[in-house]
Amino acid sequence: MLRTHTCGELRIADVSKTPTLCGWVHKSRDLGGMTFIDLRDRYGITQLAFNMETNPALCERARKIGREFVLKVTGKVIERSSKNLNIPTGEVEIEVTELVVLNESQTPPFTIEENTDGGDDIRMKYRYLDLRRSNVRANIQLRHKMAQQTRSYLDSKEFIEVETPVLIKSTPEGARDFVVPSRMNQGEFYALPQSPQTFKQLLMVSGFDRYYQIVKCFRDEDLRADRQPEFTQIDCEMSFVEQEDVLNMFEGLVKHLFKNVKGIDIDIMPRMSYADAMKYYGCDKPDTRFEMKFVGLNDVTKSKNFKVFDDAELVVGICAKGCSEYTRKQLDELTEFVKRPQIGATGLVYAKVNLDGTIKSSVDKFYDANDLQKWAAKFDAKPGDLILILAGNADKTRKALSELRLEMGTRLGFRDQSKFSCLWVTDFPLLEFNEEENRYFAMHHPFTSPKPEDIYLLDDNKLGEVRANAYDMVINGVEVGGGSVRIFNKDLQKKMFSILGFTDEEAQSQFGFLMNAFEFGAPPHAGIAFGFDRLCSLFGGENSIRDFIAFPKNNSGRDTMIDAPSAIDEKQLKELGIKI
Ligand code: ASP
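What you see is a predicted model; the values in this text were computed from it and never measured. (Residues numbered from 1 in each chain as written. Predicted model: local features only at pLDDT ≥ 70, side-chain atom pairs only at ≥ 80, totals over all residues. Heavy atoms only, no water.)

Novice: Break down the packing of aromatic side chains for me, with residues and values.
Specialist: Two aromatic rings are characterised by how far apart their centres lie and by the angle between their planes. According to the stated counting rule, one finds 21 aromatic pairs in the structure shown. Measuring from centroid to centroid gives 6.1 Å for Phe250 and Phe530, while their planes differ by 50 degrees, and the two rings are tilted. In this pair, Phe250 is assigned in helix H6 (residues 243–262) and Phe530 in strand S22 (residues 525–531), connecting sequence segments 280 residues apart. Judged by relative accessible area, which is 0%, Phe250 ranks as buried. Residue Phe530 is classed as buried on the basis of its relative accessible area of 0%. When the ring of Trp424 is compared with that of Tyr471, the centres are 6.1 Å apart and the planes differ by 90 degrees; the resulting orientation is edge-to-face. Residue Trp424 is located in strand S17 (residues 422–426), and its partner Tyr471 is located in strand S20 (residues 470–475); the two are separated by 47 residues in the primary sequence. (Phe/Tyr/Trp six-rings, centres within 6.5 Å; stacked < 30°, edge-to-face > 60°. Helix = DSSP H or I, 4+ residues; strand = E, 2+ residues; numbered from the N terminus. Buried < 20%, exposed > 50% of the residue type's maximum accessible area, 1.4 Å probe, protein only.)

The following block contains the structure:
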């Protein structure tokens, strides 16, 4: 090894040792008589001291060294006269006696600091430099630890890690596939997997019983904020289980990760039906770090000549505790917030429960003190509280109020990223109607089993009412995982495809391999996949997944460092039989 110690290792107890360190020049300070260099590696920073009086030649050399040069130094550990107690090595420095410049460096295009001066684009172009920043590196290390702990937990539960192919077959259901042309079978294409779904089900037919894989998945979707075209899942499947078994097993995984990666005990992981999530939070991934549940108000608002409420399919509100003193300006801000096109509400009604118990609303013209007391009672609102109400089409209004609830949660400091609230959302609808295509789509995927007690609804043509044995894990309002109990009966699977608009021939040609496999003794099975990047960013207390991926793509799906995607030459195209 070129070094005896790392740059994060030396302490006061090491004084008078003569270590050799290697690393990058983080910073240097030339004070005339003394030159100091902070030497950095993955483990930390150690201060190097060069003394003009005792070793002028060496000090002269040190003065010429620039940022990010790679050095190898030997010297004596001495106690620092001015200590830096912010870093673990801050009580000592190395009085350098030997200095080797292992490599020079251009001045980096941005500072290698936690708070860098580099914008997103430049950081991505020079990602290898960006990864030198201690916070970005810490994120990647966190990811490593998450993967290790995931493997350790699943291994302890008898799960077997199996790799599934990356070159597979394109299927129409789900998101858009990335495709790869086949040179040997010209005119034909592989697809990159959106998930190993069918393979993991086949592994259950094969008797593997418990499978997992930390696996890359690919979806060619328009990149909404913070989505990556390639992302990683913790993908799992189990045989001879019911929904409850899966929930318990993976609740165990998440608890294990919190405990072993963050030292946090999560004791409760409540369950909530999709129907309740929509009713009380207006969305299927509620942030349960705070309550502020929806309360329906149609019954106490109607027939008072306020047309907006009378005409509304849904009148619904939330109660923000302690906000009755909100100023005109703050209320205007909230109104502006809900009227933004992304939120789409037409207006906001408020009622302030004043400290003296009287209630002042923005619709006093229509509702008297008595009416308003009825509203307050519905929320169990106390003096000092603020009631915020939206009205209109049920779906849209719920969505808008859900956004307003999150906004209020943020304003009130309830969305602390170091607090975690986990939740299972269960009983999702099996099917979702798509107006544009005028047909039903599987809400999760076509292999998800309806709840046995709802199967009759499939025959009654009440497709929208069928609930699935499907579940999501939600942490702090983020969907981190989802899965389902699978169909393992060939006829039910066939029926599902036909409901989704596949002819028998189409179903056979696209998913025949699975349905055929179901004829050879398929066990009951169920599974789940966690979005690994998202889980890591959540554990890291950040919103963006980008900095938890070593080499991510930007918002247009480009890797600007290697400049991909890129054109390929004529010859390659010809070999593939592709004309442009
Ligand atoms: N394959 C599913 C997905 O990618 C997860 C599952 O059902 O296990 O969302």
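Novice: Describe the sheet that holds strand S21 (residues 478–485), listing the residues and the values that go with them.
Specialist: As summarised here, the arrangement of the 8 strands in space is S6-S9-S10-S22-S21-S20-S17-S11, forming an open sheet in which the pairing is mixed. Lying at the two open borders of the sheet, with one neighbouring strand each, are strand S6 (160–161) and strand S11 (271–273). When strand S10 (residues 230–239) meets S22, the two strands line up antiparallel, connected through 7 bridges. By the bridge assignment for S22, Cys236 is matched with Ile528. On the sheet, H6 packs against strand S9 (210–218), S10, S11, S17, S20, S21 and S22 and is oriented at approximately 20 degrees with respect to S20. (Pairing = 2+ DSSP bridges. Contact = heavy atoms within 4.5 Å. Axes fitted to C-alpha atoms, helices over the stretch in contact; angles between N-to-C directions.)

Novice: Quick rundown of the sheet that holds strand S2 (residues 34–41)? Include the residues and the values.
Specialist: Around the barrel, which closes on itself, the 5 strands sit in the order S1-S2-S3-S5-S4 with mixed pairing between neighbours. Taken over all neighbouring pairs, the strand axes of this sheet differ in orientation by 50 degrees on average, direction set aside. Here 5 bridges tie strand S1 (residues 20–30) to strand S4 (residues 70–79), and the two strands are oriented antiparallel to one another. Bridge pairing links Leu21 to Val73 in S4. Helix-sheet contacts for helix H1 (residues 56–63) involve S1, S2, strand S3 (44–51) and strand S5 (92–103), and the interaxial angle to S5 is about 65 degrees.

Novice: Can you tell me about the side chain of Asp287, naming the residues and giving the values?
Specialist: For Asp287, the position within the fold is in the loop between helix H7 (274–281) and strand S12 (295–296). Polar contacts involving the side chain of Asp287 include one to the side chain of Arg289, which spans 2.6 Å. Here the side chain of Asp287 touches Arg415 through a polar contact of 2.9 Å, side chain to side chain. What Asp287 contacts, discounting residues up to four positions off in sequence, is Arg405, Leu406, Arg415, Asn476 and Gly477. (Polar contact = N/O pair within 3.5 Å; in protein donor to acceptor, adjacent residues only side chain to side chain.)

Novice: Can you tell me about unusual backbone geometry, naming the residues and giving the values?
Specialist: Residues Ala564 and Pro565 are joined by a peptide bond in cis, for which omega reads 0 degrees. Considering the arrangement of structural elements, one finds Pro565 in the loop between helix H16 (532–539) and helix H17 (570–576). If you check the backbone angles, Phe240 has positive phi at about 55 degrees while not being a glycine. Along the chain, the position of Phe240 falls in the loop between S10 and H6. Phi is positive for Ser303, which is not a glycine, with a value near 60 degrees. Along the chain, Ser303 turns up in the loop between helix H8 (298–301) and helix H9 (307–310).

Novice: Which residues make up helix H12 (residues 394–411), and what are the values?
Specialist: Between its first and last C-alpha atoms H12 spans 25 Å; for 18 residues at 1.5 Å apiece the expected length is 26 Å, and the two agree. Of the residues making up H12, those classed as buried are Ala394, Thr397, Ala400, Leu401, Ser402, Leu404, Arg405, Leu406, Met408 and Gly409. For H12, the elements touching its buried residues are H7, strand S13 (314–320), helix H10 (328–339) and strand S16 (386–392). Two or three places before Asp395, at the start of H12, stands the capping residue Asn393, its side-chain oxygen 3.1 Å from that residue's backbone nitrogen. Positive phi shows up at Gly413, right after H12, with a value of about 75 degrees. (Expected span 1.5 Å × (residues − 1).)

Novice: Describe a nonpolar patch on the surface, with residues and values.
Specialist: Together, Leu2, Val100 and Leu102 make up an exposed nonpolar region whose accessible area comes to about 250 Å². Of note, Leu2 is situated in the segment before S1. (Patch = residues over 30% accessible without salt bridge, like charges linked within 9 Å, V, L, I, M, F, W, Y side chains within 5 Å. Areas by Shrake-Rupley, 256 points an atom, 1.4 Å probe, with all protein chains shown as cover. Salt bridge = Lys/Arg side-chain N within 4 Å of Asp/Glu carboxyl O.)

By themselves these figures say nothing about function.
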